[in-house]
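# An overview of the molecular structure
Listed below are the residues making up each chain.
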Amino acid sequence: MWMLIRANDVGAVRTRSGARVLAANPDSAERGDPWRWAVELDESAPEPVPAVTVNDAHVSSHSTRYDRNYTGILHRDAGEQIVVAALAGEALVSAEDGPWKRRLRPGDTFIVEGEDPESLRLSLTAGESAVQVITLSPTHAKVLRWVP
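Within each chain, residues carry numbers counting from 1 in the order of the written sequence. Reporting in this predicted model follows two pLDDT cut-offs: at least 70 for local features of residues, and 80 or more for side-chain atom pairs to be given and counted; totals over whole chains, interfaces and linings ignore these cut-offs and use all residues. Hydrogens are left out, water is left out, and the side-chain values use all remaining heavy atoms of the structure.

## Quick notes on unusual backbone geometry
Positive phi, close to 50°, is recorded for Arg 68, a residue that is not glycine. The way it works is that DSSP assigns letters per residue, a run of H or I at least four long becomes a helix, a run of E at least two long becomes a strand, and they are numbered from the N terminus. With respect to the helices, strands and loops of the structure, Arg 68 is situated in the loop between strand E5 (59-67) and strand E6 (71-76). We note that Asn 69 has phi near 65°; this positive angle belongs to a residue other than glycine. Looking at the secondary structure, you find Asn 69 in the loop between E5 and E6.

Dropping the structure here:
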């Protein structure tokens, strides 16, 4: 399963420090599910800075920045979630062996999860394009689930 969150959809949600919440699981206390992770964007610096916080008892994370005309394959293992946060320019995320593709612009967030392993192609436009790719892995459960 994949989900694209456009910048204006959740841009109004801010933390106490003023960072914008790009994605969180769950995204509100009203959901009743226990908090597992959040990805925020601090836009107070000259360049946006993404930050990831996780509940270490349930989730581990790894974060990588890609920029300047990068093209490559992202691999997601079974049960993991990948969060792609667009920081600058434009990026294209597509299925390596399928028909779907989505363009990301600054502030957009793309989330991918599922029980089966998956490969995605990430292609950045030339110039100052940049994305942060966060891989969230379960520490106990077999599969992380998105609770939007």
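Here the narrative resumes.
## Focus on the packing of aromatic side chains
When two rings of Phe, Tyr or Trp (its six-membered ring) have centres within 6.5 Å they constitute a pair, described as stacked for plane angles under 30 degrees, edge-to-face for angles over 60, and tilted for the intermediate range. Summed over the entire model, instances satisfying the criterion amount to 2 aromatic pairs. Pairing Tyr 66 with Tyr 70 gives two aromatic rings, centres 4.4 Å apart and planes at 35°, and the pair type is tilted. A simple rule labels every residue: compare its accessible area, found with a 1.4 Å probe on the protein chains alone, to the largest value its type can have, and call it buried under 20%, exposed over 50%, or partly exposed in between. Here Tyr 66 falls in the buried class, since its relative accessible area comes to 18%. In this structure Tyr 70 comes out as partly exposed when scored by relative accessible area, which is 25%. Aromatic pair Trp 100 and Phe 110: ring centres 5.6 Å apart, planes at 35°, arrangement tilted. With Trp 100 in the loop between strand E8 (91-95) and strand E9 (101-104) and Phe 110 in strand E10 (residues 109-113), this residue pair connects regions lying 10 residues apart in the sequence.

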